[in-house]
Amino acid sequence: MSGRILVVDDIEPNVRLLKAKLEAEYYDVVSASNGPDAIELARRTVPDLILLDVMMPQMDGFEVCARLKNDPRTRHIPVVMVTALDQQEDRVQGLQAGADDFLSKPIDDVALFARVRSLLRLKLVMDELRQREASGRALGAINDTMSCLGDASAKANILILEDDERQGQRLARKLGEDHHLIHSTDPRDASERLDAENIDLLVINLAARGFDGLRLCARMRSGDKGRAIPILALVNPDNREQIVRAFDIGVNDVLLRPVDSNELSARVNTQLRCKRYADTLRQSLDNSFEMSVTDQLTGLHNRRLMQARIEDALIRLDRGVEAASILIADVDFFKPVNDKWGHDAGDKVLQELAKRMKANMRAIDVSCRYGGEEFVVVMPGSNLDAAMQAAERLRIAVEAEPFTLGDGQGALSITISGGVTELFQGDSHEAALIRADKALYNAKKAGRNCVLSADDKNHANTALG
Ligand SMILES: [Mg+2]
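The rules behind the values
- Residues numbered from 1 in each chain as written.
- Predicted model: local features only at pLDDT ≥ 70, side-chain atom pairs only at ≥ 80, totals over all residues.
- Heavy atoms only, no water.
- Helix = DSSP H or I, 4+ residues; strand = E, 2+ residues; numbered from the N terminus.
- Rg over C-alpha atoms; globule rule 2.2 N^0.38 Å.
- Buried < 20%, exposed > 50% of the residue type's maximum accessible area, 1.4 Å probe, protein only.
- Contact = heavy atoms within 4.5 Å.
- Areas by Shrake-Rupley, 256 points an atom, 1.4 Å probe, with all protein chains shown as cover.
- Salt bridge = Lys/Arg side-chain N within 4 Å of Asp/Glu carboxyl O.
- Pairing = 2+ DSSP bridges.
- Axes fitted to C-alpha atoms, helices over the stretch in contact; angles between N-to-C directions.
- Donors = N, O, S within 2.8 Å, 3.2 Å for Na, K, Ca; no water.
- Domains from an automatic or database assignment.
- Right-handed = clockwise from strand over helix to strand, strands pointing away.
- Core = buried A, V, L, I, M, F, W, Y, C linked by side-chain atoms within 4.5 Å.
- Arc of directions from axis to C-beta.

J.: Could you give an account of the overall build of the protein chain, with specific residues and numbers?
T.: The number of helices and strands found in the protein chain is 16 helices and 17 strands. Taken against the 2.2 N^0.38 rule, which gives 23 Å for 465 residues, the C-alpha radius of gyration of the protein chain at 31 Å runs more than 25% over that of a compact globule. Judged by the C-alpha coordinates and their principal axes, the protein chain covers about 90 × 50 × 50 Å. Across the 465 residues in the protein chain, those meeting the buried criterion constitute 48%. Counted over contacts in the protein chain with a minimum sequence separation of 6, partners at least 24 positions apart contribute 64%. Put simply, the protein chain shows about 22,800 Å² of open surface, and 49% of that area lies on carbon and sulfur atoms.

This is the structure in structure tokens:
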């Protein structure tokens, strides 16, 4: 995996050394020797990862980090702080400034590349989400309220897997002040909970004697649900091989034992912040997809989805799987409704019609607003006879009860006309819509409030509404 890495250190030989190591692994490296230059370079070149020295004159690493994380242009770039001493207070302060990880000088190559790979992989996923969100925003399908960050103070559900009862309870007590804690001592029990409950974070002891923690992590990463749950692993500092494998399997972060409770809280919060951000992005993408295929007035699907569903039906038809038909329905004398009662009344009529369509068509039928007062229903699995019956049922349901206009405006008798056609092999959605539209035209000509199929031969050339 390649990527651009920004190295920041006030000591020139340190920069050269890191640069050489990273370039040997084919990373593209840019560098800065002080805080302000680093911030400027980060904005301009938008690197994939920043290795940031803590001790620098004028502006130290904590401040640089805090500024990068407060700037929307650079907030998403992972920052690894490089500390001269393995100071616990430094780590906590760095995490509070928004740092994603730490390395101690002198930098151990194995630890360096394990963390770099892990953070670049995470960033790849986030970039994909950000990119899709940006296009949703450009289309107007996502707005700022939808993509604002989730409630950061909300309590998270954290599962601790630790076979030492006392140690597990100690961790649970520490984190339990801010979150809901579940303590499990058995990997099978933990697996079931991960599947069944809404877990936001797994804290797992990889040094446990009673089970193989890495195996559980690997299994989580191959499952649909477990893939999105962050994992914070507790490891023994001397087990370097395990640390590297943990990152390669997809563990998000490791914490060295014995566990410092401040560092634990800080790392837990970093993981939760990251997950909330990803969840919010995913949620707004789901919403934008839903919005992009929904007609805002009626809540039915729009033309875009209609077209896709007709294409789906044609593919199944070509494979010989099943027949399919479509109906175009149009409100009779709709223009006078708008003219006489106003557009709000017109909207009410369309909304009520949509409701009756939903109530009378099958769940697998796809009801869409085609435009104006025209609707299309795609009916998978229905041949012409079945589709005609369904269309007739809808016509009767519309005619049966007057439409209430609301605001004391009384009720209106509404009818619809419809045209039905069955799809055939080699058909196209355009051709099918033209046939159905022609049948609809004939239904209008035949006196309205009726449904005709494309095979009915009633021709007319009068313009009808
Ligand atoms: Mg320094």
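Further notes follow.
J.: Residue-level account of the pattern of salt bridges, with values.
T.: Throughout the structure, instances matching the rule amount to 30 salt bridges. A salt bridge links Asp 248 to Arg 117, with the nearest nitrogen and oxygen atoms 3.5 Å apart. Residue Asp 248 is located in helix H10 (residues 240–249), and its partner Arg 117 is located in helix H5 (residues 109–138); the two are separated by 131 residues in the primary sequence. Residue classification places Asp 248 among the partly exposed residues on the basis of a relative accessible area of 37%. Salt bridges linked by common partners bring Asp 9, Asp 53 and Lys 105 together as one network.

J.: Tell me what's going on with the sheet that holds strand E8 (residues 201–205), and back it up with residues and numbers.
T.: Strand order in the open sheet formed by five strands is E7-E6-E8-E9-E10, with parallel pairing between adjacent strands. Edge positions in the open sheet fall to strand E7 (180–184) and strand E10 (253–256), since each of these has one partner strand only. For this sheet the average axis-to-axis angle between neighbouring strands, irrespective of direction, equals 20°. As defined by bridge partners, strand E6 (residues 157–161) adjoins E8 across four bridges and the pair is classed as parallel. Bridged to Ile 160 within E8 is Val 203. Relative to the sheet, H10 contacts strand E9 (231–235) and E10, its axis offset from that of E10 by approximately 155°.

J.: Tell me about the coordination of the magnesium ion, and please be specific about residues and values.
T.: Within the protein, the atoms that donate to the magnesium ion are Asp 10 (OD), Asp 53 (OD) and Met 55 (O), at distances of 2.0 to 2.3 Å. Residue classification places Asp 10 among the partly exposed positions, given a relative accessible area of 28%.

J.: Which residues make up the sheet that holds strand E1 (residues 4–8), and what values go with them?
T.: With respect to topology, five strands assemble into an open sheet ordered E2-E1-E3-E4-E5, the strand pairing being parallel. Each edge of the open sheet is held by one strand with a lone partner, namely strand E2 (28–32) and strand E5 (101–104). Averaged over all neighbouring strand pairs, the angle between strand axes comes to 20°, with direction disregarded. Pairing between E1 and strand E3 (residues 49–53): four bridges, direction parallel. Its bridge partner lying in E3, Leu 6 is registered against Ile 50.

J.: Any details on the domain arrangement of the protein chain? Residues and values, ideally.
T.: Domain parsing of the protein chain yields domain 1 (1–107), domain 2 (138–287) and domain 3 (303–453). For domain 2 and domain 3, the distance between their C-alpha centroids amounts to 50 Å.

J.: So what's going on with the pairing of E7? Which residues, and what values?
T.: Across five bridges, E6 lies against E7 in parallel orientation. Looking across to E7, one finds that Asn 157 is bridged to His 180. In terms of handedness, the path from E6 via helix H7 (residues 165–176) over to E7 forms a crossover that is right-handed.

J.: An account of the pairing of E9 is needed here, citing residue identities and associated values.
T.: Counted residue by residue, E9 has five buried out of five residues, so it is predominantly covered. Burial along E9 is two-sided: the face carrying Ile 231, Ala 233 and Val 235 and the face carrying Leu 232 and Leu 234 are both buried. Examined bridge by bridge, E8 and E9 share four bridges and lie parallel to one another. Residue pairing across strands places Asn 205 opposite Leu 234, the latter belonging to E9.

J.: Residues and numbers for the nonpolar core, please.
T.: Of all hydrophobic cores here, the largest spans 29 residues; its most connected members are Leu 327, Leu 353 and Ile 414. Of all elements in the fold, only strand E11 (324–331), helix H13 (334–341), helix H14 (343–360), strand E13 (374–380), helix H15 (384–400) and strand E16 (416–422) reach the threshold of two or more residues within this core. Not counting chain neighbours up to four residues away, the residues in contact with Leu 327 comprise Phe 375, Val 376, Val 377, Met 379, Ala 391, Leu 394, Gly 418, Gly 419 and Val 420. Within the second largest apolar cluster, 26 residues are counted, among which are Ala 114, Leu 161, Leu 214 and Ile 231.

J.: Give a description of helix H9 (residues 213–222) that names residues and reports values.
T.: Among all positions in H9, only Gly 213, Leu 214, Leu 216, Cys 217, Met 220 and Arg 221 are buried. Around the axis of H9, the buried residues are gathered within 160° of arc, so they sit on the same side. Opposite the packed face of H9, turned more than 90 degrees from it, sit the exposed residues Arg 215 and Ser 222. Where the residues of H9 are buried, they touch E6, helix H8 (187–196), E8, E9 and H10.

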